[in-house]
Amino acid sequence: MHELGLSRNIVSIVTENAGDKPVARVKLSVGPLACVETTALQFCWDIVTQDSLLTGASLEIEEAEGDTFLIKEFEYREMA
Amino acid sequence: MCGKCGCSDPTNEVKMVDPATGVETLIRHGGLVQADDHSNGHHHDHDHHHHQPHEGEDKPHVHGPNGEVISLEQAVLSKNDQIAARNRGWFEGRGVLALNLVSSPGSGKTTLLERTIRELKGKRAIYVIEGDQMTSNDAERVRDAGAKALQINTGAGCHLEADMIADAVEQLNPEPGSILMIENVGNLVCPSMFDLGERMKVAVISTTEGEDKPLKYPHMFRAAEVVLINKMDIAEVVEFDEDACRSNIAEVNPRATVLSLSAKTGQNFEPWINKLVEHRQ
């Protein structure tokens, strides 16, 4: 549930850390007890990243232990 | 909006109502993310020559695979958790016992609060923050029972978050040594994720809900330090099996203190009141 708000948190945390450079990829770490539905995160990802530094960024999710719910890393977009 | 269940986060307006004065305060403005006009994405200059199409995406990709990778390792809920930690410090500093009351709708949280307020009268000051999507009915009920109360309306939101509590506490200003009851939005799923800064979560389950609820919603019962089984006065009529319920609770949370009582009749209410007074100091 509430994955829309969670993904919005993710966008704002990454944006804060990215400076003003566009981001190509975000990787999360999610545990089975985190109460997070990863398909729902993917579902709203396009909408919450729209018109942000994360526009078009992909969302990767790796499985983790317990109630882990972290933004593992992000990758800057390579500027042409 | 959540694609699974249709529940939403408090992204729209969240307001606070003081039932004593009727004054409404907007504590969260709507429109953090606009429902976008061009959600079809066809206003963009699309480059449709995808080299490595990503699953489920139809967006232009101009990135290369070797962009700089920044390691972040930041908890997604870190902002909420920081505010919750601040709330917790504030409560501890003043010796305020803050409890986060969680349950499904209709388990009797508000009736429980009403009796708790009456029983504690003269023993310890009690303040209440009521969370509901709409109406200030509950805040009015607990105010009539004798507690100072504030209502938070989350609108579409399915749970309370720490910043709402910070705002409410500023206005309520609970006196040192008092009890602050936070009645969360009736929902056994989302509130388990959001720390509000409480001393502990108290889960309420009622005899009409079925003994297997703790197994169906393990996250919530795992997070609770105390579980109250309410509506024991009608347990027989609804053929409630208390032993089965207790063993289900123990299965997901062996450390929980389980008290069965009836908020309506007051049956076996004393251990609960004692538990609250115990936490004094």
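About the criteria used
- Residues numbered from 1 in each chain as written.
- Chains lettered and ligands numbered in written order.
- Predicted model: local features only at pLDDT ≥ 70, side-chain atom pairs only at ≥ 80, totals over all residues.
- Heavy atoms only, no water.
- Helix = DSSP H or I, 4+ residues; strand = E, 2+ residues; numbered from the N terminus.
- Buried < 20%, exposed > 50% of the residue type's maximum accessible area, 1.4 Å probe, protein only.
- Contact = heavy atoms within 4.5 Å.
- Pairing = 2+ DSSP bridges.
- Right-handed = clockwise from strand over helix to strand, strands pointing away.
- Axes fitted to C-alpha atoms, helices over the stretch in contact; angles between N-to-C directions.
- Left-handed = near helix turned anticlockwise from the far one by under 90°.
- Nonpolar A, V, L, I, M, F, W, Y, C, P; charged D, E, K, R; others polar.
- Polar contact = N/O pair within 3.5 Å; in protein donor to acceptor, adjacent residues only side chain to side chain.
- Lys, Arg positive; Asp, Glu negative; His and termini not counted.
- Salt bridge = Lys/Arg side-chain N within 4 Å of Asp/Glu carboxyl O.

## So, the overall build of chain B
And then number 1: From N to C terminus, chain B includes eight helices and ten strands.
And then number 2: Looking at chain B residue by residue over its 281 residues, the buried ones come to 49%.
And then number 3: Across chain B, every contact between residues at least 6 apart in sequence was considered, and the portion connecting residues at least 24 apart equals 70%.

## Quick notes on the pairing of strand S2 (residues 58-63) of chain A
Residues and elements named next belong to chain A.
And then number 1: Here strand S1 (residues 23-30) pairs with S2 via six bridges, running parallel. Considered in S2, the bridge of lysine 27 is made with glutamate 60.
And then number 2: Taken together, S1, helix H2 (residues 38-49) and S2 form a β-α-β motif whose crossover is right-handed.

## Here we look at the packing of helix H2 (residues 109-120) of chain B against helix H8 (residues 270-278) of chain B
Residues and elements named next belong to chain B.
And then number 1: The geometry of H2 relative to H8 is characterised by a closest axis approach of 11 Å and an angle of 65 degrees between their N-to-C directions. At the point where H2 passes H8, the crossing takes the right-handed sense. Across the interface between the two elements, Leu112, Thr116, Glu119 and Leu120 of H2 pack against Trp272, Ile273, Leu276 and Val277 of H8.
And then number 2: Partitioning the contact of H2 with H8 into residue classes produces six nonpolar, one polar and one charged.

## Thoughts on the environment of lysine 123 of chain B
Residue and element names in this part refer to chain B.
And then number 1: Counting through the fold element by element, lysine 123 comes out in the loop between H2 and strand S5 (126-132).
And then number 2: Separated by 154 residues in sequence, lysine 123 and valine 277 have C-alpha atoms that sit 8.3 Å apart.
And then number 3: Only 3.4 Å separates the side chain of lysine 123 from the backbone oxygen of glutamate 119, close enough to count as a polar contact.

## Some words on the side chain of arginine 124 of chain B
Residue and element names in this part refer to chain B.
And then number 1: By the element assignment, arginine 124 lies in the loop between H2 and S5.
And then number 2: Despite being buried, arginine 124 has no salt bridge partner; glutamate 175 is the closest side chain of opposite charge, sitting 8.5 Å away.
And then number 3: Separated by 3.2 Å, the side chain of arginine 124 and the backbone oxygen of leucine 276 make a polar contact.

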